[in-house]
Structure formats: structure tokens, C-alpha cells
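# Inside the fold
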Amino acid sequence: MATDFDMLFERAGVPLHEREAVRGELLKYSSDIAPSLTVDRNELAQYQRDRSRFQLSLGNSTVLPPFIRFREDFLVNPDYHLATCQIEKVMTTVREGIFRYLTDPRNFSIYNRTISKEHWKNRFCSGMDYVRTNMTAVLNDIGEEPVLFAVVREPIERFLSGFLDKCIFENDYDGDTSDICYGCVDDIHCFVDELYRRLQERKKENKREYYHSRHFAPQTW
């Protein structure tokens, strides 16, 4: 994984010393998650065509269709024409740490910050200037010849990681459990049924119920 990121960032023009800092942190990060291929503007156009084709072919199927507009969250670095799409439970915290470092490597180092220890509660860049919420803004910011990438994870592993994190580790049995994993608490069968129902509602009614759903959707592999 560290080598994949290094090659990706070299393509984006990230200096060697910054790539080495990122690589060193990623070597501490044990995971089977791997970066996907980079995406260019032609592939974005193909995505639009595929989206329409799949939506037509599924018709009234009960299968959740692909390409639903769900949650768009991107990290950008205009200096290197670099951007990544954030998908929850797929290395999002580490990637955010990487982009914080690339945004201001000098002060990041001066204040003894560590990429692998960055967390949403103690962000170094509190202004979140490197976050965008739609692809149009991303492409406007990073300019010509962008290097765009996503990170994908085996879907069952991602689901189990999300369930353990949100339904078990965040579970407070002494408090109100009505909002823990849709009220299912640690009942995985209940949770899967309720997640499916809510994602179907999201598809039909364009609802934006986020906290739990965004950690399990969209599924990518």
C-alpha cells in the first residue's frame, strides 16, 4: 500500500521528502486496503454513461442500484493537482492526515504532528480548507491534468469494521440505545434489514440520513 501511494504521489509531483514522510507513516498502517487506479476526465464521462445505463437496466428491481448521489466528500491539494474521494471506513482518517500534511508540511512538522495519529477531534487544519463536497469544485480547484484517486476495501470486511465500530465500540448500554445503529444496538440481523430499508428510502426520496448509512454506503470493491 505504501508503494502504491508513493507511485501515485510521484505522478502528482509531490517532492521526495514529503513522499518519504507519507510512506513512513503508511508502513505503520497495517491493512489490506489498496488504492484504486487513478481517474481522468474521460473516465468521469464514462461514469456518467454507465450510471444512466445501470439505472435503466435495474428498473423496478429490489436491488440497490449503483451511482446513487449519496455523500460527496473530497480532499484536494491544488499545488499537486491531487484529489481523493473519501468513503467512510476505508482509510479516511489516515488519508485526511496525509492531506493535512501535504497542505502545510512545514508547520505540520514544527508542531510535531503525526499523520497516523491525526483524528477528527484534534485536526491540525481546523479550517478544513482542503475539503470539497462536489466534483465540480474539485476539478475547478485542481486544474488541468488532475490526479484523482479513491481507496476501496473488500465489502464484507468494510461492513464488519463499520458494525463493530458503530454498533459495538460506540455502544453505551447504560444510556439511551434508541439511536444506536437504528435502535438495533448489537443485533446484526436487525441492523442489516434496517440499513437496507433506509437506503431504499434514500434512493426513492432523496433523503440524507447520514451518520450510520455513510459508514456502510456506497459499497465499492
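Residues numbered from 1 in each chain as written. Predicted model: local features only at pLDDT ≥ 70, side-chain atom pairs only at ≥ 80, totals over all residues. Heavy atoms only, no water.

As annotated in an unreviewed UniProt entry, the protein carries the name Carbohydrate sulfotransferase and is attributed to Ancylostoma ceylanicum.

All chains considered together, the criterion is met by two disulfides. The disulfide partner of Cys167 is Cys181, and the gap between their sulfur atoms is 1.8 Å. Judged by the sign of its S-S torsion, about -100°, the bond between Cys167 and Cys181 is left-handed. Here the residue Cys167 occupies a position in helix α7 (residues 155-169), and Cys181 occupies one in the loop between α7 and α8 (188-205), the gap between them amounting to 14 residues. Accessibility classification places Cys167 together with Cys181 in one group, the buried group. Disulfide pairing is shown between Cys184 and Cys190; the S-S distance is 2.0 Å. Handedness of the Cys184-Cys190 disulfide follows from its S-S torsion of about -60°: it is left-handed. Judged by its relative accessible area of 30%, Cys190 falls in the partly exposed class. (Disulfide = S-S within 2.5 Å. Helix = DSSP H or I, 4+ residues; strand = E, 2+ residues; numbered from the N terminus. Buried < 20%, exposed > 50% of the residue type's maximum accessible area, 1.4 Å probe, protein only.)

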